[in-house]
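An overview of the molecular structure
Residue-level listing of the chains:
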Amino acid sequence: MRTLARRLLLPGLTTLALAATGCSSPAHNTGAAAPGSAATTAPAADGTQQLDVTAAPQGSSAPTAVARTGGGKGRPEKSSLQVASYDKASGRAVISTAAAQKPTGSPSHSPAPDKPVAVGDVIASAPAPGAPDGLLAKVTEVVGKTDRGTEVKTAATTLASVLDDDKADGKVPVDPSSVTVEPLMKGVTFSWAKSQGARFGPQGATLPLGTLRLDVNAAVDTAKDAPASAGASVSGFVQLAPRVEFSYDGSSGGTFGPKSAFLGMSGDWSSQWALKGRAAASTGDAPKRIPFAKLHSTPVIQVGPVPVVVNLDLTCYVQVEADGRVTVDVQQDVKGDFRVGGSYASGQGWTPVSTSAVQSSPVKASVTAAGRVKGALGAEASVGLYGAVGVSADFAPYVRGEAEVKATASTDGKSAVNGSWALYGGFDLSGQLHFELSLFGTPVFQHRIPLGTLNREWPLASGRAGQ
């Protein structure tokens, strides 16, 4: 269990916060904060500040920026220090001074040199060598000078030791071009459209800005007695525009942790997909799940001058549950939004948040023979801080079909066969909170908290036949 930092000790800490590679030197901004800026509002009457929450700038045109406290006020300020290397096993890091920028044609004032790193400094770093998920740690010992900088020993700490009694609240879109994709089967393609207009992939030209899309065309196990014309398959696309939601309120004045906090993921979701053929009967208690792609991103958000590294993982899958007797040909559109996360309030602890508003409409639907089938094109998602999972969720829009046939006969030799079928659309949303959310500086909980299962279902189409 991590030792929680007491608020009474915070003013005595010196805090470093290493921002994303490519940050320019800080500029005073009297208007709205530009993306990646670290502007803050004026301190409130109680001494707290409202920090902007924005996307960290990208690129490598300038050294990595650093924020550290100054003037004994316990508030972070930018400096030129950076993490040159980090060893997770030993907790040792090398802190160096960023290389001086090349002089420009216009005169400028050189920033004052930074104070040497010292015991008690808190490092909040964007991804760095040896720390691909960023670094949040406190300096416990200064080992000495090396040819690369100052070597230090570190220990784990919390965001409360950096953000202290300030406030922050914002939603940051995830840059789709920062997402890496690992296809898990053939027939998977990836496209995206950045908010700045750049596009990639076979469907990139048609996508709304800020959106990513996965297309899949996959065969699934077909029932053994099905004819060749009833081969089972799933095809279609998943399209989403994810956002990171982050909030923090340290103004409680209590001994431990913030007054409130939130970490989660939200966004718009749309898909169009088709389920065809006669799927093989499911075996065991669980339906057959076929992952077809893994997505990963580590966006860095700027909370004032402090870089907070968010880790996002998404596994897209096809899931089919069937009895092996019914043949379907259904295609549907699904559109909507989702929001999952964990919300903290002092005195109440962490509570799960899971909401979704989804609409679907069938493009084509038919069911042959008696039986049942359910197919989903879903995603397992996780969001956390500095490489630790905080919230995991499973979002699965689905289509479900069922059909029944009744035969009757009489003593006069007459017989009749009557049948009916129905198709339903819906979605399942479930997940859980993990103890790593204590990175906010809140009390540690010893077990995972389920989000609960949210299910919605609605009729798509139905029919009846008789002879």
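Residues numbered from 1 in each chain as written. Predicted model: local features only at pLDDT ≥ 70, side-chain atom pairs only at ≥ 80, totals over all residues. Heavy atoms only, no water.

1. Describing the overall build of the protein
Within the protein one finds 1 helix and 27 strands. Contacts spanning at least 24 positions in sequence make up 71% of the contacts within the protein whose residues lie at least 6 apart. Accessible surface computed for the protein: about 22,000 Å², of which carbon and sulfur atoms make up 52%. (Helix = DSSP H or I, 4+ residues; strand = E, 2+ residues; numbered from the N terminus. Contact = heavy atoms within 4.5 Å. Areas by Shrake-Rupley, 256 points an atom, 1.4 Å probe, with all protein chains shown as cover.)

2. Digging into unusual backbone geometry
Backbone phi values are negative for most residues with the exception of glycine, while trans is the configuration of most peptide bonds. Unusually for a residue other than glycine, D164 sits at a positive phi of about 55 degrees. Relative accessible area serves as the criterion here: at 10%, D164 is assigned to the buried category. (Buried < 20%, exposed > 50% of the residue type's maximum accessible area, 1.4 Å probe, protein only.)

3. With respect to the environment of I123
Its location among the elements puts I123 in strand β8 (residues 122–125). Separated by 11 residues in sequence, I123 and G134 place their C-alpha atoms 9.9 Å apart.

4. A closer look at the confidence of the model for the protein
Of the residues in the protein, 70% have a pLDDT of 70 or more, and the chain-wide mean is 74. Within the protein, the lowest mean pLDDT, 46, falls on strand β4 (residues 66–69), and the highest, 93, falls on strand β11 (residues 167–173). Per-residue pLDDT stays below 50 along residues 1–16; that stretch engages in 51 contacts with residues further than four places along the chain or on separate chains. Contacts from residues 100–112, a stretch scored under 50 in pLDDT, to residues over four places away or in other chains number 2 contacts. (pLDDT = per-residue confidence, 0-100.)

5. Some thoughts on the packing of aromatic side chains
Overall, the coordinates contain 7 aromatic pairs when judged by the stated rule. Their ring planes at 20 degrees and their centres at 5.7 Å tell us that W192 and F200 sit as a pair that is stacked. The class for W192 is buried, based on a relative accessible area of 14%. Ring pairing ties together the aromatic residues F246, Y344, W350 and F440, which thus form one cluster. The ring of F237 has R213 lying over it, and the distance from NZ or CZ to the ring centre is 3.7 Å. (Phe/Tyr/Trp six-rings, centres within 6.5 Å; stacked < 30°, edge-to-face > 60°. Lys NZ or Arg CZ within 6 Å of the ring centre and 35° of its normal.)

6. Some thoughts on the pattern of salt bridges
With the rule as written, the count across this model stands at 7 salt bridges. For R339, the salt bridge is made with E245, and the minimal N-O distance between the two is 2.9 Å. In this pair, R339 sits in strand β21 (residues 327–345) while E245 sits in strand β16 (residues 233–249), placing the two residues 94 residues apart along the sequence. A salt bridge links E402 to R400, with the shortest nitrogen-to-oxygen separation between them at 2.9 Å. (Salt bridge = Lys/Arg side-chain N within 4 Å of Asp/Glu carboxyl O.)

7. Some details on the pairing of β11
The alternating pattern of β11 places A168, G170 and V172 on a buried face, while none of K167, D169, K171 and P173, on the opposite face, is buried. Of the pairings in the sheet, the one linking strand β2 (residues 50–51) to β11 comprises 2 bridges and is parallel in character. Residue pairing in the sheet places Q50 in a bridge with K167 of β11. Of the pairings in the sheet, the one linking β11 to β16 comprises 7 bridges and is antiparallel in character. The partner of V172 across the bridge, within β16, is V244. (Pairing = 2+ DSSP bridges.)

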